[in-house]
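# Analysis of the macromolecular model
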Amino acid sequence: MEPAGLRVALRIWVVLVLLALFTPIVLIMVYAFGPSVVQVWPLRGFTWHWFAVAWQDQAVRQAFLLSVKVGLVVAGIALVLGSAVSYALHNFRFFGAEGISLLLVLPLALPGVITGVALNNLFYFANIPLGVLTIVIGHVTFCIVIVYNNLIARLRRTPRSLGEASADLGARGWQTQLYVMLPQVATALVSGALLAFALSFDEVIVTVFTAGANPTLPLWIFGQLRQGQQLPEVNAVVTVVILLTIIPVLLAARIAGAGAVSRTARAPAVEEAGRP
Amino acid sequence: MSVTTPAGAATAAPAGAGRPGPWSRVSALLWRRPWARATLLLTPPLAWFLLIYIASLAVLLITAFWTINPYTTNIERAWNLSNFTNLLGTPAYRQIILRTVGMAAGVTVIDAIVAIPFAYYMARIARPRTRTFLFVCVLLPLWASYLAKVFAWLLIFTHDGVLNWTLGKIGIGPLNLIYTNTAVFIVFCYIWLPYMVIPVYAAMERIPASQIEASQDLGGRTLRTVRSVILPLALPGIVAGSIFTFSLTLGDYITPTLIGGGNSTLIGNVIDSNVVYNLPLAAAMATVPIAIMACYLLAARALGAFREI
């Protein structure tokens, strides 16, 4: 048991950190409703005007649609490839398995700019023009590990006896997989795909190098911020983007437990604690 | 590649298989040969990683040893070390490398100092309900749009921004933090903090209560228990978190561009600005973070941090 003084100090620390974490995010959303063209604090009124401006902006619309399209395709491919590698690593023991799991983490452990410039360089020498395809290739590379982490954690928690019972009762291999194992891991698959979408939808560091002349929504935002143009409109767009990335993550947390959404550590044990 | 199922050897095809059609014959074939199943599953993802990711890293390393013709800006495929001598011989580049590594190390230390008490509270003091609440509170800023967070800090630090307004109210004069290294440093600490909190929490949460009780039974007071039991057992988590804070800082060029203006050039900015006109130089610069992270990952592996990533 910690002494009371330490507990109080820690509690204050936690509140301060939470304040620091949330102040900027709340602030940017508040700014989106400010009427002024020049961004000064405090705001001088309240308006929905910038949301209307963003809604009617063709460039924003196209960038948004491209980001959604890329996110969906990336989530689909990452789901297939990530599930395949999770099943293989979970069900078979072979030389090099540890190397493969290290390989999967590498795009997250190496700085994003490296992945970006390496892919850009490869596409240049392979004569592949930069476009939607190259954006998808870049995103899938670092989204596979998200699906993999989610699924392998679930597979490890699923008792082997379930599959064995199914086989004893006469099910074929594929029947066991489809009727017994799939329902066990379905939520992990869905949450993995949702997180892959969220990660892809928000990615900018790698995308700068793989997009060519096709701006995704983050690239449009980055371009405006860099030139300091149309900042109030950017505020409105960014507010919508925050909500759009948070929603799939909250859905995934709701479906598969908060521990599945951690992005870094392998599913810490909060989900058991979170269930009533 | 020798493959065995952990549950035992491959058993015979399941009973009750009637007249075998082509599909069930394939199914039975795969069932009897685990290596065939493993190969089928592993080929597509491994091909993706080897043909795209590893191949691109390999080509990048090769490109670093090529040069660019200054007149035609074509890449000349002649092996030499001129990019590296240029990078290491130019004081400005040396300074950028040192600044980047220093900043990455500083951000990692600050994030660890902020995260460890927070994670300790989450793992050891908070009730389950509060713990889940705090976890979600760390997750939301983690997933909220990266550019939105950088933009928010731009609005905080800017001359007529929130910070100077607040400081004016308290009576401390305005601070011109925007476009400084300090501002970039603060933003990095903020953006990567959740990447440190979560692995540290995960490691602390796994420490068995019995080990802490044993320390207390042996007369260890709180601080002694933290220092001699909790911190050593949480170390893999701290190292895992540091991989992210260090690597993410090392490879970022967007925060330095937007928050640092022209005053805070990091390795990522050099890569970014050379990628169009001097790809070999960008590639050579990219080998610096790769080499640093390779050493870092090897050290982290020795400390057992890989299970935490």
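Just so you know, these numbers come straight off a predicted model, no measurement behind them.

### A closer look at the packing of helix α3 (residues 58-91) of chain A against helix α8 (residues 173-202) of chain A
Think of two packed helices as two axes; the pair is described by the angle between the axes and how far apart they sit. Residues and elements named next belong to chain A. The N-to-C vectors of α3 and α8 enclose an angle of 135 degrees; their axes lie 8 Å apart at closest approach. If you check the angle between α3 and α8, you find them oblique. In this structure, the crossing between α3 and α8 has a hand that is right-handed. Seen from α3, the contacting residues are S67, V70, G71, L72, V74, A75, A78, L79, G82 and S83; seen from α8, they are L189, G192, A193, A196, F197, S200 and F201. Of the residues assigned to the contact of α3 with α8, the class counts are 11 nonpolar, six polar and no charged.

### What about the domain arrangement of chain B?
When the domains of chain B are assigned, the result is domain 1 (23-63) and domain 2 (86-308). A separation of 35 Å is found between the C-alpha centroids of domain 1 of chain B and domain 2 of chain B.

### Section: the nonpolar core
Within the largest apolar cluster, 179 residues are counted, with the highest numbers of intra-cluster contacts made by A78, V117 and A196 of chain A together with A119, F151 and V200 of chain B. By residue number, the principal contributor to this core is helix α8 (residues 181-205) of chain B, which donates 19 residues. When residues of this core are assigned to domains, at least three map to each of domain 1 (23-63) and domain 2 (86-308) of chain B. Residue contacts for F151 of chain B: discarding those within four places in its chain leaves I28, L225, V234 and V238 of chain A.

### Re the packing of α8 of chain A against helix α11 (residues 231-256) of chain A
Residues and elements named next belong to chain A. As a packed pair, α8 and α11 sit with axes 9 Å apart at the nearest point and diverge in direction by 165 degrees. By the angle between their axes, α8 is roughly antiparallel relative to α11. Judged by the sense of rotation from one axis to the other, the crossing of α8 with α11 is left-handed. Touching T187, A188, V190, S191, L194, L195, F197, A198, F201 and D202 of α8 are L244, T245, P248, V249, L251, A252, I255 and A256, all from α11. Among the residues making up the contact of α8 with α11, the classes are represented as 14 nonpolar, three polar and one charged.

### Some remarks on the interface of chain B and chain A
How big an interface is tends to be expressed through the accessible area that disappears when the partners come together. Each partner contributes residues to the interface: chain B has 95 residues there, and chain A has 87 residues. The element that contributes the greatest number of residues to the side of chain B that touches chain A is helix α2 (residues 34-63) of chain B, accounting for 16 residues. Residues belonging to the side of chain B that touches chain A are distributed by class as follows: 73 nonpolar, 15 polar and seven charged.

### Digging into the confidence of the model for chain A
Residues and elements named next belong to chain A. Averaged over every residue, the pLDDT of chain A is 86; residues scoring 70 or more account for 94%. Within chain A, α3 carries the highest mean pLDDT (94), whereas helix α12 (residues 271-274) carries the lowest (34). A low-confidence stretch, residues 269-276 stays under pLDDT 50, and its non-local contacts, those more than four residues away or across chains, total 17 contacts.

### What about helix α5 (residues 112-125) of chain A?
A turn of α-helix holds 3.6 residues, and therefore any two residues three or four places apart point the same way. Under the 1.5 Å per step criterion, the end-to-end length of α5 of chain A is 20 Å for 14 residues, consistent within 8% with the ideal 20 Å. Among the 14 residues that make up α5 of chain A, 12 are buried, leaving the element largely enclosed by the rest of the structure. Against α4 (97-109), α6 (132-157) and α9 (207-210) of chain A together with α2, α12 (267-274) and α13 (279-302) of chain B lie the buried residues of α5 of chain A. Note on α5 of chain A: the residue one or two positions beyond its end, N127 of chain A, has a positive phi of about 60 degrees.

Analysis parameters
Residues numbered from 1 in each chain as written. Chains lettered and ligands numbered in written order. Predicted model: local features only at pLDDT ≥ 70, side-chain atom pairs only at ≥ 80, totals over all residues. Axes fitted to C-alpha atoms, helices over the stretch in contact; angles between N-to-C directions. Helix = DSSP H or I, 4+ residues; strand = E, 2+ residues; numbered from the N terminus. Parallel < 35°, antiparallel > 145°, perpendicular 65-115°, else oblique. Left-handed = near helix turned anticlockwise from the far one by under 90°. Contact = placed C-beta atoms within 7 Å. Nonpolar A, V, L, I, M, F, W, Y, C, P; charged D, E, K, R; others polar. Domains from an automatic or database assignment. Core = buried A, V, L, I, M, F, W, Y, C linked by C-beta atoms within 7 Å. Buried ≥ 20, exposed ≤ 12 C-beta atoms within 10 Å, placed from the backbone. pLDDT = per-residue confidence, 0-100. Expected span 1.5 Å × (residues − 1).

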